[in-house]
Amino acid sequence: MNLAESLRLAVRSIRGHKLRAALTALGIVIGIAAVITFVTLGASVKAEVVGQFDDSPANRVFLVASPDDDGGPPAALSQPVFTEYDVGRIEDIEGVDRVVPRGTIATSALSHGGETVARDQVTATTPALFESVTFRAGGPFADAESGDACPAEMVVTPSAAALFPGNLSVGDRVSVTQRGNRTRNVTVVGILDGDAGLNPLAGFGSQPRFYLPSCAYDTVVTSPTTGTRQNVYPQVTVVAENPGDTAAVQDRVQDYLDAESDAAQLAPESYAVSAQTNDDIVQRIETVVDRLTQFVTGIAVISLLVGAIGIANIMLVSVRERTKEIGIMKAVGATNRDVLQLFLVEALLLGVGGALLGVPVGVAGGWIAVTYAELPLTLPLGWVGAAIGIGLLVGVVSGLYPAWSAARVDPIDALRYE
Amino acid sequence: MTGDVASGEPPAVELDAVSRTYTRGEPVYALDDVSVTLARGSYTAVMGPSGSGKSTLLNLVGCLDTPTAGTVSVAGEDVTALSSRQRARVRGEEVGFVFQTFNLMPRLTAEENVALPLVFQGVARAERLGRARDLLDRVGLGDRTDHRPSELSGGQRQRVAIARALVTDPAIVLADEPTGNVDTETGDRIMALLDDLHAAGNTILLVTHQRAIADRAERIVRLRDGEIEGIDAVDTGGAAR
Ligand SMILES: Nc1ncnc2c1ncn2[C@@H]1O[C@H](COP(=O)(O)OP(=O)(O)OP(=O)(O)O)[C@@H](O)[C@H]1O
Ligand SMILES: [Mg+2]
């Protein structure tokens, strides 16, 4: 018997039990749909995160002190270990254009013109951060040479300016209430053109951000090397002079960090002080997202397994019910192989049919999840193709035993079967 | 008797000391040491009380069942020694089986039922259905080709079953009470069909309870309790053939 013939007969017997076939295939539909939904969500999250990194220049090396295991968010847990001394030393390393330390100043509130806004932190950094960044108005704050008075200046993002009624504009005076109720009066000197963070360590999310000069920073430590009290930063960005040298600069900076830095001595036990490029960070994030996707997809695969068992179960019932028909077919010349093929094709149709239905349901599910999470949709097309293959596989595996038991039916017993 | 053929050709069917025993609790000897030969082109009727082993005999010849002892040969081939695949071929190509209980596929139409044996021989769909319609015409069901078995009367189902048995143009036709469920008129029609087949050179083995039907054959094998009670030649003068 050729395949077209078994297909025709299989379609017939599926049509004979439409509801049952639909419910059986539903198991596969749900399984495949769940897998595709989660894989789509994972792929979209990854594409979004990685896409942001693609926008940041390739000549950056990021220094962080993070728990000494692979994976994990690199920046969020970073400990303040990089002293002013380290920053100075790294500036002198060959190929380094500039070094931008970054830390947060704990605050309780910001006020302007009698209006007070609660705010638990502002960012302390150097004007180097704003190089090649566009301003909507004004410009960066002044560089604080050591010994000079700290510039009483601030840079804000548009949404930060909008926190105050009538918006902050360049020239407005703001008082920042720092830890210990110390108040710092500053003048807004620049309003940035967007709300995104300016490097991966700060996160890319759009949120109100306030920037003060590093001299306003208030986390200090005694430098193990110099023995003086100094600012100590959790995150440092090193900009290489030449993007092509980024890897070499990364190696040199890492060598310095390992050998003689304050950071290595200040880092808590089980923390690693590391210099990472964009690619390194992308890789770590990808690893995290992948692992999460795999985990959730694994759960979805279990539901696929349940679907497969459903097919096997229904096929066994079907073989039982159609024992007489099997007997008739054998009596008129069907071989064991013909019968096997017939039932296998039927199981296969249920599997593939379920998968074909599951793909659009899964894509729709992924689209809804992605839209809800406000991410751009990235379709893992390979998985959509794989779903069909999985449907085939599920059909074959779950149909194999029932089909085999159908093929073994003895014709004379089957004809007597009532 | 009719079994001795002058030519070197093997007989159509030959049973040699065949027994079929069921051992379900007390052993049942459905057939007990039966030997019979059907020459090519012969027409044999099997009679006997209910439970005497008539259907068992047909099932053995039709390769649906295997004997507990003895050998069954079809066209000179010992079918008890064949693989299941080869037995399927014998069932599909060498013999046409008309069952006592029709055994039609409930979800297939009359013409699809008739064409079913050809599906397993790889005959193309159009040709298959064409042949099926021809045969349904021949049994007088040309206007019922699209009916399912549940939409046919008992006699009509019987005729579909006969058409199916003939669709592969088998050399041997096995018919288990083909007139058991039909009125005399339809019965006559079926018997006329078997007469035609016999005239065309097919070997026919027919089970019946009716003497009048059995008399249309060339000889009658009488079974009782699984044993051959006797084999009678029919007086051909009466049938005018
Ligand atoms: N599967 C089985 N298990 C046990 N005994 C069986 C089985 N099949 C048939 N028999 C027995 O074998 C004997 C012969 O059965 P068979 O069907 O050949 O009778 P028959 O001559 O065709 O009868 P009828 O005229 O009623 O159709 C019966 O006594 C029956 O009970
Ligand atoms: Mg019988």
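Rules and cut-offs
Residues numbered from 1 in each chain as written. Chains lettered and ligands numbered in written order. Predicted model: local features only at pLDDT ≥ 70, side-chain atom pairs only at ≥ 80, totals over all residues. Heavy atoms only, no water. Domains from an automatic or database assignment. UniProt positions renumbered as here; feature names shortened; annotations may be inferred. Helix = DSSP H or I, 4+ residues; strand = E, 2+ residues; numbered from the N terminus. Near = heavy atom within 4 Å. Polar contact = N/O pair within 3.5 Å; in protein donor to acceptor, adjacent residues only side chain to side chain. Nonpolar A, V, L, I, M, F, W, Y, C, P; charged D, E, K, R; others polar. pLDDT = per-residue confidence, 0-100. Pairing = 2+ DSSP bridges. Contact = heavy atoms within 4.5 Å. Axes fitted to C-alpha atoms, helices over the stretch in contact; angles between N-to-C directions. Core = buried A, V, L, I, M, F, W, Y, C linked by side-chain atoms within 4.5 Å. Buried < 20%, exposed > 50% of the residue type's maximum accessible area, 1.4 Å probe, protein only.

Focus: the domain arrangement of chain A
It is common to give the size of an interface as the accessible area that goes away when the parts come together.
For step 1, the next point in the chain: Segmentation of chain A into domains returns domain 1 (3-50 + 285-416) and domain 2 (80-266).
For step 2, the next point in the chain: Each of domain 1 of chain A and domain 2 of chain A has a C-alpha centre, and the two are 56 Å apart.

Overview of the UniProt feature "transmembrane region" (unreviewed entry) in chain A
Residue and element names in this part refer to chain A.
For step 1, the next point in the chain: Annotation from UniProt places "transmembrane region" (unreviewed entry) at residues 21-43, 295-319, 340-369 and 381-401.
For step 2, the next point in the chain: Strand forms 0% of residues 295-319 and helix 100%; the C-alpha atoms that close the span are 37 Å apart.
For step 3, the next point in the chain: Secondary structure over residues 340-369 splits into 100% helix and 0% strand, and the C-alpha atoms at its two ends are 42 Å apart.

Overview of the site of ligand 1
For step 1, the next point in the chain: Around ligand 1 there are 15 residues in total, and Ser50, Gly51, Lys54, Ser55 and Thr56 of chain B lie nearest to it.
For step 2, the next point in the chain: Surrounding ligand 1 are residues belonging to chains A and B, so the site spans chains.
For step 3, the next point in the chain: Contact distances for ligand 1 include 3.0 Å between an oxygen atom and a backbone N or O atom of glycine 53 of chain B.
For step 4, the next point in the chain: Those elements that provide at least two residues to the shell around ligand 1 are strand E1 (13-24), strand E2 (26-38) and helix H1 (54-61) of chain B.
For step 5, the next point in the chain: With three residues, H1 of chain B is the largest single contributor of residues to the shell around ligand 1.
For step 6, the next point in the chain: Per-class residue counts for the shell around ligand 1 are three nonpolar, eight polar and four charged.

Thoughts on the confidence of the model for chain A
For step 1, the next point in the chain: For chain A, per-residue confidence averages 85 on the pLDDT scale, and residues scoring 70 or more make up 94% of the total.
For step 2, the next point in the chain: Taken element by element, the predicted model of chain A shows its lowest mean pLDDT in strand E1 (residues 60-67) of chain A (83) and its highest in helix H8 (residues 323-331) of chain A (93).

Observations concerning the sheet that holds E1 of chain B
Residues and elements named next belong to chain B.
For step 1, the next point in the chain: The four strands lie next to each other as E2-E1-E4-E5, forming an open sheet whose pairing is antiparallel. In this open sheet, the two strands that pair with only one neighbour each are E2 and strand E5 (77-78).
For step 2, the next point in the chain: Pairing of E1 with strand E4 (residues 69-74), which is carried by five bridges, proceeds in the antiparallel orientation. Each bridged residue has a counterpart across the sheet, and for leucine 15 the counterpart in E4 is valine 72.
For step 3, the next point in the chain: In this fold H1 packs onto E1, E2 and E4, with an angle of close to 120 degrees to the strand it touches most, E1.

Topic: the nonpolar core
For step 1, the next point in the chain: Counting residues in each nonpolar core, the largest one holds 69 residues, and the members touching the most others are Ile32 and Phe343 of chain A together with Leu15, Leu116, Phe120 and Leu174 of chain B.
For step 2, the next point in the chain: The element that contributes the greatest number of residues to this core is helix H9 (residues 336-372) of chain A, accounting for eight residues.
For step 3, the next point in the chain: Not counting chain neighbours up to four residues away, the residues in contact with isoleucine 32 of chain A comprise Leu304, Ala355, Gly358, Val359, Ala387 and Ile390 of chain A.
For step 4, the next point in the chain: Residues Met47, Leu104, Leu136 and Ala163 of chain B belong to the second largest nonpolar core, which totals 40 residues.

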